[in-house]
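Fold and contact review
Listed below, chain by chain, are the residues.
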Amino acid sequence: MDVQHFERITAFIEDRLRPLFDPENGRDHGFGMDDTSRALRALLGTVRAAAAIKGLAEQRAGADPAMRNIFDQALEHNWDVLRGVARNWEDHPDFARDFKRHAWELDEAKASD
């Protein structure tokens, strides 16, 4: 999995979430203790945690083949989290077709390029 895939999907999601934290959208929107604010913070935290894969990708590159499977599973899991969130905006004009693909499909598409 290419780190650039993670960067693109994370940027797409954060572009959808950032306006929800805009103070002009509500007095405490995203920062209060109401359930909506808590949900927004939880979603943003989940997205940022799933996007933090650079260390995994770097370690995978130098790992022996037996360990690569473990790194691949971790990367695939994080991709699936981001993919699931991004698909909420499938109808958005900036939604990329790659955001619907499974991790192994991204690798196959890269190999056929």
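Residues numbered from 1 in each chain as written. Predicted model: local features only at pLDDT ≥ 70, side-chain atom pairs only at ≥ 80, totals over all residues. Heavy atoms only, no water.

This brings us to the confidence of the model for the protein. Residue-level pLDDT values for the protein average 88, and 91% of them are 70 or greater. Of all helices and strands in the protein, the one with the weakest mean pLDDT is helix α5 (residues 103-112) (72), whereas helix α1 (residues 3-17) scores best (95). (pLDDT = per-residue confidence, 0-100. Helix = DSSP H or I, 4+ residues; strand = E, 2+ residues; numbered from the N terminus.)

Here helix α4 (residues 65-86) contains 22 residues, and its C-alpha end-to-end distance of 31 Å stays within 8% of the 32 Å for a straight helix at 1.5 Å per residue. If you check the start of α4, you find a side-chain oxygen 3.1 Å away from the backbone N of Ala 66, and it comes from Asp 64. (Expected span 1.5 Å × (residues − 1). Polar contact = N/O pair within 3.5 Å; in protein donor to acceptor, adjacent residues only side chain to side chain.)

Turning next to the pattern of salt bridges. Two side chains with opposite charge may pair up if their charged atoms get near one another. Throughout the structure, instances matching the rule amount to 11 salt bridges. A salt bridge links Arg 18 to Asp 15; the shortest N-O distance between them is 2.9 Å. Looking at Asp 15, the relative accessible area reads 37%, which means it is partly exposed. Residue Asp 80 is joined to Arg 83 by a salt bridge in which the shortest nitrogen-to-oxygen separation is 3.4 Å. You can see Asp 80 and its partner Arg 83 sitting in helix α4, 3 residues apart, about one turn around the helix. Taking relative accessible area as the criterion, Arg 83 reaches 11% and is therefore assigned buried. (Salt bridge = Lys/Arg side-chain N within 4 Å of Asp/Glu carboxyl O. Buried < 20%, exposed > 50% of the residue type's maximum accessible area, 1.4 Å probe, protein only.)

With the rule as written, the count across this model stands at 4 aromatic pairs. Ring centres of Phe 12 and Phe 95 lie 5.8 Å apart, and the angle between their planes is 75°; this geometry places the pair in the edge-to-face category. Taken together, the residues span a long stretch of sequence, with Phe 12 in helix α1 and Phe 95 in the loop between α4 and α5 at a distance of 83 residues. Summarising the burial analysis for this pair, Phe 12 and Phe 95 share the class buried. Taking 5.2 Å as the distance between ring centres and 45° as the angle between the ring planes, the aromatic pair formed by Phe 12 and Phe 99 counts as tilted. A residue pair is termed long-range when its members are at least 10 positions apart, and Phe 12 in helix α1 and Phe 99 in the loop between α4 and α5 qualify at 87 residues. Neither residue differs from the other here; Phe 12 and Phe 99 are each classed as buried. Aromatic rings pair up to connect Phe 12, Phe 95 and Phe 99 into one cluster. Positioned above the aromatic ring of Phe 12 is the side chain of Arg 16, whose terminal nitrogen or guanidinium carbon lies 4.6 Å from the ring centre. (Phe/Tyr/Trp six-rings, centres within 6.5 Å; stacked < 30°, edge-to-face > 60°. Lys NZ or Arg CZ within 6 Å of the ring centre and 35° of its normal.)

Attention now moves to the nonpolar core. Judged by nonpolar contacts, the single largest core of 21 residues is most densely connected at Ile 9, Ile 13, Leu 82, Ala 86 and Phe 99. Those residues within four positions of Leu 82 in sequence are excluded, and the remaining contacts are Phe 6, Ile 9, Thr 10, Ile 13, Val 47, Ala 50 and Ala 51. (Core = buried A, V, L, I, M, F, W, Y, C linked by side-chain atoms within 4.5 Å. Contact = heavy atoms within 4.5 Å.)

One way to put it is that helix α2 (residues 35-51) packs onto α4 with a least axis distance of 8 Å and a crossing angle of 140°. As the angle between them shows, α2 and α4 are arranged oblique. Of the two elements, α2 crosses α4, and the hand of that crossing is left-handed. On α4, the residues touching Leu 43, Thr 46, Val 47, Ala 49, Ala 50 and Ala 51 of α2 are Asn 78, Val 81, Leu 82 and Val 85. (Axes fitted to C-alpha atoms, helices over the stretch in contact; angles between N-to-C directions. Parallel < 35°, antiparallel > 145°, perpendicular 65-115°, else oblique. Left-handed = near helix turned anticlockwise from the far one by under 90°.)

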